[in-house]
Amino acid sequence: QVQLVESGGGLVQPGGSLRLSCAASGVIFSINAMRWYRQAPGKERELVGYIDSMGSSDYLDSVKGRFTISRDNTKNTTYLQMNSLKADDTAVYLCNVEIRPSSDYRSWNYWGQGTQVTVSS
């Protein structure tokens, strides 16, 4: 069994910063990609960015230069550092982690419950 716990969301003023975390626990042999999504009311869920098992990352164009995804493999945790936040960044942020439970090549995706980020004056 695998569980993801997200934290770090909240209310922040435009231009401010937040750091979200997503920690995986349970039966984990290794983790492939760790991804962050967001979804605002009335809009489709979009991929904010990801980090792969080698530490390479990529981002949605609108957040490049402002957001940074990192991972700590010793803690099975991914972080989303968000700087220079804008009102358009307001959304529920969800992590998605691709996990191998054993040494074979099968993997499963797990979702966090989401954390609300609100950027407002």
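Higher on the page you've got the structure.
Presented here is a report on the structure given in the accompanying data block. None of these values were measured; they are calculated from a predicted model. (Residues numbered from 1 in each chain as written. Predicted model: local features only at pLDDT ≥ 70, side-chain atom pairs only at ≥ 80, totals over all residues. Heavy atoms only, no water.)

### Re the overall build of the protein
Argument step 1. Scanning the protein for helices and strands turns up 0 helices and 11 strands.
Argument step 2. When its helices and strands are written in sequence order, the protein yields β-β-β-β-β-β-β-β-β-β-β.
Argument step 3. Over its C-alpha atoms the protein spans a radius of gyration of 14 Å, differing by no more than 12% from the 14 Å that the globule rule assigns to 121 residues.
Argument step 4. Each principal axis of the C-alpha distribution contributes one length, and for the protein these read about 50 × 25 × 25 Å.
Argument step 5. Taking all 121 residues of the protein together, the buried fraction comes to 40%.
Argument step 6. For the protein, contacts bridging at least 24 residues in sequence account for 55% of all contacts bridging at least 6.
Argument step 7. Accessible surface for the protein amounts to roughly 6700 Å². Of this, 46% is attributable to carbon and sulfur atoms.
Argument step 8. Here the protein holds 12 positive side-chain charges and 11 negative ones, and the gap between their average locations is 3 Å. (Helix = DSSP H or I, 4+ residues; strand = E, 2+ residues; numbered from the N terminus. Rg over C-alpha atoms; globule rule 2.2 N^0.38 Å. Buried < 20%, exposed > 50% of the residue type's maximum accessible area, 1.4 Å probe, protein only. Contact = heavy atoms within 4.5 Å. Areas by Shrake-Rupley, 256 points an atom, 1.4 Å probe, with all protein chains shown as cover. Lys, Arg positive; Asp, Glu negative; His and termini not counted. Charge placed at Lys NZ, Arg CZ, Asp CG, Glu CD.)

### Things to note about the pairing of strand β5 (residues 46–51)
Argument step 1. Here 5 bridges tie strand β4 (residues 30–39) to β5, and the two strands are oriented antiparallel to one another. Bridge assignment links Y37 to a residue of β5, and that residue is L47.
Argument step 2. As paired strands, β5 and strand β6 (residues 57–59) are joined by 3 bridges and run antiparallel to one another. Paired with Y50 across the bridge in β6 is D58.
Argument step 3. Hairpin geometry of β5 and β6 is characterised by an intervening segment of 5 residues between the two adjacent antiparallel strands and by a positive phi of about 90° at G55. (Pairing = 2+ DSSP bridges.)

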